[in-house]
Amino acid sequence: MKILLVCAAGMSTSLVVEKMRAYAAEGTIIESTLASEFQNKVKDFDVFLIGPQLRYRKDEFLEIAKKNDKKIGFIDPVMYGRLMGKEIYQQAIDLLK
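1. Brief notes about the packing of aromatic side chains
Counted by the stated rule, this structure contains three aromatic pairs. Ring geometry for Phe-38 versus Phe-61: centroids 5.2 Å apart, planes at 85°, classification edge-to-face. You can see Phe-38 sitting in helix 2 (residues 38-41) and its partner Phe-61 sitting in helix 3 (residues 58-67), a full 23 residues away along the chain. Here the aromatic residues Phe-38, Phe-45, Phe-48 and Phe-61 are joined through ring pairs into a cluster of three or more. Over the aromatic face of Phe-45 sits the side chain of Lys-2, whose NZ or CZ is 5.1 Å from the ring centroid.

Rendered as C-alpha cells:
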C-alpha cells in the first residue's frame, strides 16, 4: 500500500508521517507532499490523506481523486494535532476496504 499525505507546508505533516510509519505494515510506503504537487502524484499512490489546513480545498481534491479512481480522506484536526499516527494509519487502511 502506498499512502500520500497532502499538506500546506510540510513541517507538521512530516511528523505525522514518521508516527504512521511506526505502525505501518512492512512494505507500506508513506510519504507527504505539498498540495501543489497532488495532481502530479495522484497516479503513484493508492490512498490520500489531506491535512486539516487544506479542508477549504476539499472539493478540488475530491474531484481529482474521483477522476483517477483513488481513495481520499481528510485527517481529523485533533488526530493531526496530537500526532496520532496509529489512528491516522488506520484511517488510510479503512479507506481501502
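2. Remarks on unusual backbone geometry
Both trends apply: most residues other than glycine have a negative phi, and most peptide bonds are in trans. Of note, Asp-69 is a non-glycine position whose phi angle comes to about 55°, a positive value. By the secondary structure assignment, Asp-69 is in the loop between helix 3 and strand 4 (71-74). Here Asp-69 falls in the exposed class, since its relative accessible area comes to 73%. Its identity as a non-glycine residue notwithstanding, Leu-83 has a phi of 55°, on the positive side.

3. Structural notes on helix 5 (residues 85-96)
The end-to-end C-alpha distance of helix 5, which contains twelve residues, comes to 17 Å, matching closely the 16 Å that a straight helix rising 1.5 Å per residue would cover. Residues Gly-85, Ile-88, Tyr-89, Gln-91 and Ala-92 constitute the buried set of helix 5. Across the axial projection of helix 5, the buried residues extend over an arc of 150°, all falling on one side. Contacts made by the buried residues of helix 5 are with strand 1 (2-7), helix 1 (11-21), strand 2 (29-34), strand 3 (47-50), strand 4 and helix 4 (77-81).

What counts as what
- Sequence order as written defines residue numbering, which begins from 1 separately in each chain.
- Side-chain atom pairs in this predicted model are given and counted only at pLDDT of 80 or more, local residue features only at pLDDT of at least 70, and totals for whole chains, interfaces and linings cover all residues.
- The basis for the side-chain values is all heavy atoms of the structure; hydrogens and waters are excluded.
- We call Phe, Tyr and Trp rings a pair once their centres come within 6.5 Å, taking the six-membered ring for Trp, and we label the pair stacked below 30 degrees between planes, edge-to-face above 60, and tilted otherwise.
- Helix and strand labels come from DSSP, where a helix needs a run of H or I of at least four residues and a strand needs a run of E of at least two; each type is numbered from the N terminus.
- Whether a charge sits over a ring comes down to the Lys NZ or Arg CZ being within 6 Å of the ring centre and within 35 degrees of the ring normal.
- Each residue gets one of three labels from its accessible area relative to the maximum for its type: buried under 20%, exposed over 50%, partly exposed in between, using a 1.4 Å probe on protein chains only.
- The span you would expect from a helix comes to 1.5 Å times its residue count less one.
- For this quantity, the arc is that covered by the directions from the helix axis to the C-beta atoms.
- Contact criterion: two residues are considered in contact whenever any of their non-hydrogen atoms come within 4.5 Å of each other.

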